[in-house]
Amino acid sequence: MQRYYSVGSNMAATDETSALLRSFECEQNLLSRPDGSANVRQGDTSVLAAVYGPGEVKMSEEIIDKATLKVIFKPKIGLPGCAEKLQERLLRNTCESVVLAVLHPRSGVNIVLQVIQDSGSLLSCCINAACMALVDSAVPMKCLVSAVTCAVMEEGRIVLDPDSKQEKESSAVLTFAFDSRENNVVTCSTKGCYTPEKYQECLSACGAASRNISSFFRQAVERRMSKEL
Amino acid sequence: MADSVGKVVIPGDILSEFRASEKTSKVALGPGLRQEGEEVLVTKGGILRHKEPNLYWIDCHQRRYIPAKGEDVIGIVTVKSGDVYRVDIGATQPATLSYLAFEGATKRNRPNVKVGDLVFAKLLVANKDMEPELVCIDSGGHSSGYGVIPADGGFMVHTSLNLVRKILSPNCDILKFLGKNVPFETAVGMNGRIWVKAKTPKDTIVVANAIASSEHMTNAQIRTMIRQLLDKLSGF
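Given the structure is predicted, the values throughout are model-derived calculations rather than measurements.

Novice: Could you clarify how one ought to interpret the overall build of chain A in this entry?
Specialist: In terms of helices and strands, chain A carries four helices and eleven strands. On C-alpha atoms alone, chain A measures out to a radius of gyration of 17 Å, which is about the 17 Å that the 2.2 N^0.38 rule sets for 229 residues. By its C-alpha atoms, chain A is 55 × 45 × 35 Å across when sized along the principal axes. The proportion of buried residues among the 229 residues of chain A is 54%. Considering only contacts within chain A whose residues lie at least 6 apart along the sequence, 63% involve residues at least 24 apart. When the accessible surface of chain A is totalled, it reaches about 10,400 Å², and 51% of it is carbon and sulfur. If you average the places of the 25 positive and of the 27 negative side-chain charges in chain A, the two averages end up 4 Å apart.

Novice: Mind showing me how you'd approach the sheet that holds strand β5 (residues 39–42) of chain B here?
Specialist: The strands making up a sheet are joined through hydrogen bonds of the backbone, oriented either antiparallel or parallel. Residue and element names in this part refer to chain B. With antiparallel pairing, three strands are arranged side by side in an open sheet as β2-β5-β4. Looking along the sheet, the strands with just one partner apiece sit at the ends: β2 (14–15) and β4 (33–36). Pairing analysis gives two bridges linking β2 to β5, with the strands arranged antiparallel. The residue bridging I14 from the neighbouring strand is L41, located in β5.

Novice: Mind showing me how you'd approach the packing of helix α2 (residues 174–181) of chain B against helix α4 (residues 219–233) of chain B here?
Specialist: When two helices pack together, their arrangement is captured by the angle between the axes and the distance separating the axes. Residues and elements named next belong to chain B. Put simply, α2 and α4 touch, their axes get as near as 10 Å, and they point 25° apart. Taken together, the axis directions place α2 and α4 in an arrangement best described as roughly parallel. For the pair α2 and α4, the crossing hand works out as right-handed. For the pair formed by α2 and α4, the contact residues are I174, F177, L178 and N181 on the first element and I222, R223, I226, R227 and L230 on the second. Among the residues making up the contact of α2 with α4, the classes are represented as six nonpolar, one polar and two charged.

Novice: Just checking my understanding: could you explain the packing of aromatic side chains for this structure?
Specialist: Residues and elements named next belong to chain A. Scanning all chains against the criterion turns up eight aromatic pairs over all chains. Ring centres of F24 and F216 lie 4.9 Å apart, and the angle between their planes is 70°; this geometry places the pair in the edge-to-face category. Here F24, found in strand β3 (residues 24–28), pairs with F216, found in helix α4 (residues 196–225); they are 192 residues apart in sequence, far enough to count as distant. Just as F24 is buried, F216 falls in that class too. Connected via pairs of aromatic rings, a cluster forms that spans F176, F178, Y194 and Y199.

Novice: Help me understand the UniProt feature "domain: Exoribonuclease phosphorolytic" (unreviewed entry) in chain A in this model?
Specialist: Residue and element names in this part refer to chain A. Under the UniProt annotation, the feature "domain: Exoribonuclease phosphorolytic" (unreviewed entry) is placed at residues 21–140 and 143–204. Strand forms 33% of residues 21–140 and helix 28%; the C-alpha atoms that close the span are 29 Å apart. A helix fraction of 24% and a strand fraction of 44% characterise residues 143–204, whose end C-alpha atoms lie 20 Å from each other.

Novice: What's the story with the UniProt feature "domain: Exosome complex exonuclease Rrp40 N-terminal" (unreviewed entry) in chain B in this structure? I'm lost.
Specialist: UniProt records the feature "domain: Exosome complex exonuclease Rrp40 N-terminal" (unreviewed entry) at residues 28–64 of chain B, using the numbering of this structure. Counted over residues 28–64 of chain B, helix gives 0% and strand 57%. Its end C-alpha atoms are 23 Å apart.

Novice: I would appreciate a short explanation of the interface of chain A and chain B in the present structure.
Specialist: It is common to report an interface's size as the accessible area lost on association of the parts. With 37 residues of chain A at the contact, the number on the chain B side is 34 residues. Of all residues in chain A, A:R181, A:M225 and A:E228 give up the largest surface area on contact with chain B, accounting jointly for 19% of the area buried on that side. The interface formed by chain A and chain B contains two salt bridges. In this structure, the salt-bridge partner of A:R218 is B:D13, at a minimum N-O distance of 2.8 Å. Here chain A is connected to chain B by nine residue pairs in polar contact (both at pLDDT 80 or more). Among the secondary structure elements, those contributing two or more residues to the side of chain A that touches chain B are β5 (45–55), α2 (122–137) and α4 of chain A. No other element matches α4(A), which puts five residues into the side of chain A that touches chain B. Split by residue class, the side of chain A that touches chain B holds 17 nonpolar, eight polar and twelve charged.

Novice: Which parts of the structure should I look at to understand α2(B)?
Specialist: Residues and elements named next belong to chain B. All of the buried residues in α2 are I174, F177 and L178. For α2, the arc enclosing every buried residue in end-on projection is 95°, short of the 170-degree limit, so these residues lie on one face. Facing away from the buried surface of α2 by more than 90 degrees, the exposed residues are K176 and K180.

Novice: Before we go on, may I ask you to explain unusual backbone geometry in this structure?
Specialist: Cis geometry is found at the peptide bond from A:G53 to A:P54, where omega equals -5°. Residue B:E52 is joined to B:P53 through a cis peptide bond whose omega torsion reads 0°. Examined against the element boundaries, B:P53 turns out to sit in the loop between β6 (46–51) and β7 (55–59). Of note in this structure, B:S25 is not a glycine but carries a positive phi near 50°. If you trace the backbone, B:S25 turns up in the loop between β2 and β3 (28–29).

Basis of the calculations
- Residues numbered from 1 in each chain as written.
- Chains lettered and ligands numbered in written order.
- Predicted model: local features only at pLDDT ≥ 70, side-chain atom pairs only at ≥ 80, totals over all residues.
- Heavy atoms only, no water.
- Helix = DSSP H or I, 4+ residues; strand = E, 2+ residues; numbered from the N terminus.
- Rg over C-alpha atoms; globule rule 2.2 N^0.38 Å.
- Buried < 20%, exposed > 50% of the residue type's maximum accessible area, 1.4 Å probe, protein only.
- Contact = heavy atoms within 4.5 Å.
- Areas by Shrake-Rupley, 256 points an atom, 1.4 Å probe, with all protein chains shown as cover.
- Lys, Arg positive; Asp, Glu negative; His and termini not counted.
- Charge placed at Lys NZ, Arg CZ, Asp CG, Glu CD.
- Pairing = 2+ DSSP bridges.
- Axes fitted to C-alpha atoms, helices over the stretch in contact; angles between N-to-C directions.
- Parallel < 35°, antiparallel > 145°, perpendicular 65-115°, else oblique.
- Left-handed = near helix turned anticlockwise from the far one by under 90°.
- Nonpolar A, V, L, I, M, F, W, Y, C, P; charged D, E, K, R; others polar.
- Phe/Tyr/Trp six-rings, centres within 6.5 Å; stacked < 30°, edge-to-face > 60°.
- UniProt positions renumbered as here; feature names shortened; annotations may be inferred.
- Buried area = accessible area lost by both parts, 1.4 Å probe.
- Salt bridge = Lys/Arg side-chain N within 4 Å of Asp/Glu carboxyl O.
- Polar contact = N/O pair within 3.5 Å; in protein donor to acceptor, adjacent residues only side chain to side chain.
- Arc of directions from axis to C-beta.

Now the structure itself:
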């Protein structure tokens, strides 16, 4: 399968043949009501993220020395259940590690994620969308976070950024989130069976791909600001 | 560092080689920059700006207002409680405004402020750990332009904070050029709220629309846009 890593209009294939991401698109500031918003599309997977904050927070959720982060995950159909709550928690912990919450004590930052289309690698798309929406809202952050999903196929091949068909056929699906400064792992979520060696292999493949996403994020911000330069 | 000024930076970028002022050998870091140990980090995505001699900050498109001491804001009075008014200024918390902080106000002579009124005020206290506090007088006790905005035909528009900074900068001539053609009154709050009032409601709408749509325009584009609006207004 031929896959490309897209940076806006110019398509550039990454070096490894199996380590290619689907086309990656990002649109910022597309909603008028929230303080920041972003739509990230990875292939056919599309997630819309909105950030409200730093704003008021319920008395019961107030933290005295930092901002309260809240993630609301809205699935495409139906009501959010247990799996969605787990997803919310994972996303909240990921965002908390990069947001400088101490700068806005006793306030709340709400992140709403609406799934528009799920064609595999949903979690990584959600993390990327949340990160771009946070940058757009200008909530102070330590650094950016970029996430990559990979699937270990039955025969042992690793596919980066799998679509839903590949995810179904695979023996394991792993998602890693990395910070943009030192490329350290922030979050790791896995499903299925894999060997420790495969895990390391996936980690290094995703780490390399996350650098591309980080540089794409920089270009996305540059494009957004290009009018003011 | 000198080469990053005027360029886009993203959170996590490390900056170095700041130009310090010659007198004090200090560097002033504005919004979006933060010192962590020996390094200076960027915390917001935007354009790095520099002002002589030693001031650095990030210019970003933010919508949420973070109160800063001494800034002029437009607030909406939401609650009257005891001897203070609670005023919504678009920040995380409502600000307080003492009824004594008006020109000529005394314990016996309270100012006439109702819930829902707009006030143009200055931030006296703005601190991340404290409630913001507003005043409608200067240090000499005079109103100097602050106070309740009369509710007789004006209109308030919400814009981004970037637009407010833009129209207040001396390089931007939108207010001057508009004012030459349509006389109007205006109050510009740093919290992204702009109040305008012209002679007729029609003129007010034109002025408000012109200001709201000028965010991503250059001076030349603004002039063209205003000319087109004025042509429409006079019936061409």
